[in-house]
Amino acid sequence: PGDSLKRITQEEKDLWDELTKSIALSVDKKNGYVTLVVNGPEPVATAQVADKAQKLLQDKITEFRIEKARQNQAFIQGRLDEKKVEFETVQDKLAQFEDSNQGTLSQRAKTEKDRLESQYQLSLTVYSELAKQLETAKISVKEDTSIFSVIQSVIVPVKPTKPRKMVILLISILLGGFL
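Student: Give a detailed account of the overall build of the protein, specifying residues and quantitative values.
Tutor: Across its full length, the protein holds 4 helices and 2 strands. Tracing the protein from N to C terminus, the helices and strands come up as α-β-β-α-α-α. Compactness check: the protein gives a C-alpha radius of gyration of 32 Å against a globular reference of 16 Å for 179 residues, more than 25% above the reference. Oriented by its inertia axes, the alpha-carbon framework of the protein measures out at about 115 × 45 × 30 Å. Relative to its 179 residues, the protein shows a buried fraction of 15%. Here the contacts in the protein between residues at least 6 apart in sequence split such that 63% fall between residues at least 24 apart. Carbon and sulfur atoms form 58% of the exposed surface of the protein, whose accessible area is close to 14900 Å². Charge-centre separation for the protein: the mean point of 27 positive side chains lies 6 Å from the mean point of 26 negative side chains.

And the structure:
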């Protein structure tokens, strides 16, 4: 089909269902931790899945944060470009006015000069503030590039965590004795 929708087969859906059962992800918003737990029958394969899931998660979160910071940077850059043109226009008007009114002491000329100087100062202030924000946004893009720290790396377990054979044995003995 010519649409942009992704389609999956039944086999892919079944595989997805198995993966979602074996992978658990929890987020501690208070402390900023993400915990990834993978359970499976084969220790090495499970560790490989956990390692790949960790890397994918890290890449996606980093990519998302960087993209957000880049969009902010692009927005500020656009506003800065607009304000630069506006600032230069006001600057040119003020210079032109001063050149054409040298030695004029009329109140109208003084009022016009004050108005142009106020526009100039406002444009300069806004332009300077946007330039500062742009530098902050550039720093943010750099900072967001390395936001992940792995506290505990993926390990291959020595003994299985599930099923708990002793618990199952004890429950079976108790039920057998009861029956």
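Once you've had a look at it, read on.
Student: So what's going on with helix α4 (residues 165-178)? Residues and values would help.
Tutor: An α-helical turn contains 3.6 residues, so any two residues separated by three or four positions project in the same direction. The end-to-end C-alpha distance of α4, which contains 14 residues, comes to 20 Å, matching closely the 20 Å that a straight helix rising 1.5 Å per residue would cover. Counting buried residues along α4, only 0 of its 14 residues qualify, which leaves the element largely exposed.

Student: Explain the nonpolar core residue by residue, including any values.
Tutor: Core analysis: the largest hydrophobic core is formed by 7 residues, namely Phe87, Val90, Leu94, Phe97, Ala109, Leu116 and Tyr120. Residue assignment for this core shows that the elements contributing at least two residues are α2 (43-100) and α3 (107-144). Residue contributions to this core peak at 4 residues, all from α2. Leave out the neighbours within four places in its chain, and Phe97 touches Ala109, Glu112, Lys113 and Leu116. Residues Ile76, Leu130, Leu134 and Ala137 belong to the second largest nonpolar core, which totals 5 residues.

Student: Explain the packing of aromatic side chains to me, using residue names and the numbers behind them.
Tutor: The final tally for this structure, using the stated rule, is 2 aromatic pairs. Judged by centre distance (5.7 Å) and plane angle (5°), the rings of Phe87 and Tyr127 are stacked. Here the residue Phe87 occupies a position in helix α2, and Tyr127 occupies one in helix α3, the gap between them amounting to 40 residues. Here the aromatic cluster, defined as three or more aromatic residues joined through ring pairs, consists of Phe87, Tyr120 and Tyr127.

Student: I'd like to hear about the layout of surface pockets, residue by residue, with values.
Tutor: Of the volumes computed, that of the second largest pocket is approximately 290 Å³. In this structure, the second largest pocket is lined by Trp16, Leu19, Thr20, Ile23, Leu25, Leu36, Val49, Lys52, Ala53, Leu56, Leu57 and Lys60. Put simply, the parts of the chain that give the lining of the second largest pocket at least two residues each are α1 (10-22), β1 (23-28) and α2. Broken down by element, the lining of the second largest pocket gets its largest block of residues, 6 residues, from α2. A class-by-class count of the residues in the lining of the second largest pocket yields 9 nonpolar, 1 polar and 2 charged.

Student: An account of a nonpolar patch on the surface is needed here, citing residue identities and associated values.
Tutor: Where nonpolar side chains cluster on the molecular surface, the patch consists of Leu15, Trp16, Leu19 and Val49 and spans about 390 Å² of accessible area. For the nonpolar patch, the element with the highest residue contribution is α1, accounting for 3 residues. Here Trp16 lies in helix α1.

Student: Describe the environment of Val27, with residues and values.
Tutor: Its location among the elements puts Val27 in strand β1. Linking Val27 and Ala50, residues 23 residues apart in sequence, is a C-alpha distance of 16 Å. Leaving out residues up to four positions away in the same chain, Val27 has contacts with Tyr33 and Val34.

About the cut-offs
- Residues numbered from 1 in each chain as written.
- Predicted model: local features only at pLDDT ≥ 70, side-chain atom pairs only at ≥ 80, totals over all residues.
- Heavy atoms only, no water.
- Helix = DSSP H or I, 4+ residues; strand = E, 2+ residues; numbered from the N terminus.
- Rg over C-alpha atoms; globule rule 2.2 N^0.38 Å.
- Buried < 20%, exposed > 50% of the residue type's maximum accessible area, 1.4 Å probe, protein only.
- Contact = heavy atoms within 4.5 Å.
- Areas by Shrake-Rupley, 256 points an atom, 1.4 Å probe, with all protein chains shown as cover.
- Lys, Arg positive; Asp, Glu negative; His and termini not counted.
- Charge placed at Lys NZ, Arg CZ, Asp CG, Glu CD.
- Expected span 1.5 Å × (residues − 1).
- Core = buried A, V, L, I, M, F, W, Y, C linked by side-chain atoms within 4.5 Å.
- Phe/Tyr/Trp six-rings, centres within 6.5 Å; stacked < 30°, edge-to-face > 60°.
- 1 Å grid on protein atoms, 1.4 Å probe; cavity = no way out; pocket = protein on both sides within 12 Å on 5 of 7 lines; lining within 4 Å.
- Points joined across faces, edges and corners; volume = space filled by probe spheres on them.
- Nonpolar A, V, L, I, M, F, W, Y, C, P; charged D, E, K, R; others polar.
- Patch = residues over 30% accessible without salt bridge, like charges linked within 9 Å, V, L, I, M, F, W, Y side chains within 5 Å.
- Salt bridge = Lys/Arg side-chain N within 4 Å of Asp/Glu carboxyl O.

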